[in-house]
Structure formats: structure tokens, C-alpha cells
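What follows is the residue order along each chain.
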Amino acid sequence: MMRLIAVFSIMVTISSVVFAGTGQGVVHSIRASTIAPYVMFDFTTPIENSHMCNRAKRFSIDTSGVGGKEAFETLLLAKRMGLRVFVQGLGTCNIYDAENVKHIQVQ
């Protein structure tokens, strides 16, 4: 039984990594939740290889997590200046069906 649980855990981890979304382009819109610490955003171009949980077709930054506020500030700066942004998702989603961000890079 423990072996089965271990194999299942590994498969879930692999599937999350394999199906993590990526996105790049100019930030189209930013939405902030008033009831949870999430900021959701999308691009002017579609997300590629989006995880199946990402029904909103947006990415999400948890502002309460490590580096969350910094990532949000980076996103705001990129939006204001019209800079291109590259994002890699975690392959997991928040309560708003938006994929959580692994890292964000301004190009």
C-alpha cells in the first residue's frame, strides 16, 4: 500500500511539472482579490501548455508567499512600461482557477 501511495505521489508531481503553463508577452489585465491574497493576470497572447486546472486562462501570484509582493511589483512595473514578461507556472491553480506562478521575468 505504501508503495502504491509513493508511486501515485510521484505521478501527480510529474504531471504537474509536465503540464505547467508558460506565457509571454505584454500584460493585458491585472485583477486583485479582496478576499484572498491572490493577484491574477493575463497577456495579450494565449498561455501555452496550460494546466487543465487553469480554466480562467490567467496566472496567479500569491502575495502572501515568499517573493509574492516583489513579483506583483515587478508585474505592475512591466504593465506600466509596456514591457514583455515571461512567466512559468507551477502546474497548480488557486481558488480562482488561475495557474500559480513559479517565476516571472521581465524581458
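Refer to the structure above for everything that follows.
Because the structure is a prediction, the values reported are computed rather than measured. (Residues numbered from 1 in each chain as written. Predicted model: local features only at pLDDT ≥ 70, side-chain atom pairs only at ≥ 80, totals over all residues. Heavy atoms only, no water.)

Draft legend 1. Seen up close, the state of the cysteines. Under the definition given, this model contains 1 disulfide. Residue pairing for Cys53: its cysteine sulfur links by disulfide to Cys93, the two sulfurs lying 2.0 Å apart. Residues Cys53 and Cys93 are joined by a disulfide whose S-S torsion is about 75 degrees; by sign, that bridge is right-handed. Pair noted here: Cys53 is in the loop between strand E2 (38–43) and strand E3 (59–62) and Cys93 is in strand E4 (residues 84–93), with a separation of 40 residues, a long-range link. (Disulfide = S-S within 2.5 Å. Helix = DSSP H or I, 4+ residues; strand = E, 2+ residues; numbered from the N terminus.)

Draft legend 2. Representation of the pattern of salt bridges in the model. What the rule picks out here adds up to 2 salt bridges. In this structure, Asp42 engages Arg31 in a salt bridge whose closest nitrogen and oxygen atoms are separated by 4.0 Å. Taken together, the positions of Asp42 in strand E2 and Arg31 in strand E1 (residues 22–32) put the pair 11 residues apart, joining distant regions of the chain. The shortest N-O distance in the salt bridge between Asp97 and Arg55 comes to 3.2 Å. Of this pair, Asp97 sits in the loop between E4 and strand E5 (99–106) while Arg55 sits in the loop between E2 and E3, placing them 42 residues apart in sequence. (Salt bridge = Lys/Arg side-chain N within 4 Å of Asp/Glu carboxyl O.)

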